[in-house]
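Chain and residue survey
The lines below spell out each chain.
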Amino acid sequence: MPALSPISSGSPPPFAAEARQSGYRCPVRRVEQTVEIPAPAEEVFAVASKLEELPRWQSGIVSVARTDSGPVAVGAKGTLVRELMGQRIEAPLEVTAFEPPRLLSLRSEVSGVALDATIEVTPLEPSSCRVRLVAEISGSMLTSFMEPMIASGAEGDMAASLERLRGLFEDR
């Protein structure tokens, strides 16, 4: 079973221009984790992209409730409750990209910190796939000091989350 592979990158993300326009600095922190899962990409994406299922496999997430109706699509909204550094945080959540069965991107902003998270699922063979989680963290000038702490916590949460997601399919 392949190990998780952390990757950090200092390259500017594709939404850097949007970040500047909305009052946020370009993200200084990017955290990435990858894992191989012994299941077809379509099955893994079906679980990973269902917003209400995020607490089942994503570490630190207590609940996600949709605030709109209909299928998951770009623009779908919800409210996420997360345990972070001993605090319970409620944050709005919006789907910014949705391309089944391979890509889901989410954006959340709370207390001057924005998080853009992407889940990419790549088929490797008919019965396995690679899942990559990417988190890009940006803050206003007033909250930039929190970015290293948030990135450090996110990296550990992402590794634990991918292990939980892999566990959902290994037990079959």
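Note that the structure is a prediction, hence the values are computed from the model and not measured.

1. Points about the overall build of the protein
- Along the backbone of the protein there are four helices and eight strands.
- The N-to-C order of helical and strand elements in the protein reads β-α-β-α-α-β-β-β-β-β-β-α.
- Intrachain contacts of the protein at a sequence separation of at least 6 include 54% that bridge at least 24 residues.
- For the protein, the exposed surface amounts to about 8,600 Å²; the carbon and sulfur share of it is 56%.

2. Concerning helix α2 (residues 41-48)
- Residues of α2 that are buried: Ala41, Val44, Phe45, Val47 and Ala48. Looking straight down α2, one finds that the buried residues subtend no more than 165° of arc, so they occupy a single side.

3. Section: the pattern of salt bridges
- Under the criterion given, the structure shown has 15 salt bridges.
- Of the charged contacts in the structure, one is a salt bridge between Arg102 and Glu99, with a shortest N-O distance of 2.6 Å.
- With relative accessibility at 34%, the residue Glu99 sits in the partly exposed group.
- For Glu163, the salt bridge is made with Arg166, and the minimal N-O distance between the two is 2.5 Å. On the criterion of helical spacing, the pair formed by Glu163 and Arg166 is a turn pair, its members being three residues apart in helix α4 (residues 147-170).
- Where salt bridges share partners, they join Arg30, Glu32, Glu120, Arg132 and Glu136 into one cluster.

4. Quick notes on unusual backbone geometry
- Each neighbour pair has its own omega, and for Pro100 with Pro101 the value is 0°, a cis peptide bond.
- With respect to the helices and strands, the residue Pro101 is situated in the loop between β5 (87-99) and β6 (103-110).

5. Focus: the nonpolar core
- Counting 31 residues, the largest nonpolar core has Ile37, Val44, Trp57, Ile119, Val131 and Leu165 as the members making the most contacts within it.
- Ranked by residue count, the leading element in this core is α2, at five residues.
- Those residues in contact with Trp57 that lie beyond four places of it in its chain are Val47, Ala48, Ile119, Leu133, Ser161, Arg164, Leu165 and Leu168.

6. A closer look at the packing of aromatic side chains
- Under the definition given, this model contains one aromatic pair.
- Ring plane angle 35° and centroid distance 5.8 Å describe the contact between Phe45 and Phe98, whose orientation is recorded as tilted. Here Phe98 lies in strand β5 and Phe45 lies in helix α2, a separation of 53 residues in the sequence.
- Overall, Phe45 belongs to the buried group, its relative accessible area being 4%.
- With a relative accessible area of 24%, Phe98 lands in the partly exposed category.

7. Points about the pairing of strand β4 (residues 77-84)
- Sheet topology note: the strand β3 (residues 61-66)/β4 ladder contains five bridges and is antiparallel. Looking at β4, one finds that Ile61 is bridged to Arg82.
- Pairing geometry for β4 and β5, over eight bridges, is antiparallel. Opposite Glu83, over in β5, you have Arg88 as the bridge partner.

8. Comments concerning the confidence of the model for the protein
- Averaged over every residue, the pLDDT of the protein is 80; the share at 70 or more is 72%.
- Low pLDDT, under 50, characterises residues 1-25; the predicted model gives this stretch 47 contacts beyond four residues in sequence or across chains.

9. A short note on the environment of Arg82
- Its place among the elements puts Arg82 in strand β4.
- The buried category is assigned to Arg82, whose relative accessible area is 18%.
- Other than its neighbours up to four places away in sequence, Arg82 contacts Gln58, Ser59, Gly60, Ile61, Val62, Gln87, Arg88, Ile89 and Asp157.
- At a separation of 3.3 Å, a polar atom in the side chain of Arg82 contacts the main-chain carbonyl oxygen of Ser59.

Calculation notes
- Residues numbered from 1 in each chain as written.
- Predicted model: local features only at pLDDT ≥ 70, side-chain atom pairs only at ≥ 80, totals over all residues.
- Heavy atoms only, no water.
- Helix = DSSP H or I, 4+ residues; strand = E, 2+ residues; numbered from the N terminus.
- Contact = heavy atoms within 4.5 Å.
- Areas by Shrake-Rupley, 256 points an atom, 1.4 Å probe, with all protein chains shown as cover.
- Buried < 20%, exposed > 50% of the residue type's maximum accessible area, 1.4 Å probe, protein only.
- Arc of directions from axis to C-beta.
- Salt bridge = Lys/Arg side-chain N within 4 Å of Asp/Glu carboxyl O.
- Core = buried A, V, L, I, M, F, W, Y, C linked by side-chain atoms within 4.5 Å.
- Phe/Tyr/Trp six-rings, centres within 6.5 Å; stacked < 30°, edge-to-face > 60°.
- Pairing = 2+ DSSP bridges.
- pLDDT = per-residue confidence, 0-100.
- Polar contact = N/O pair within 3.5 Å; in protein donor to acceptor, adjacent residues only side chain to side chain.

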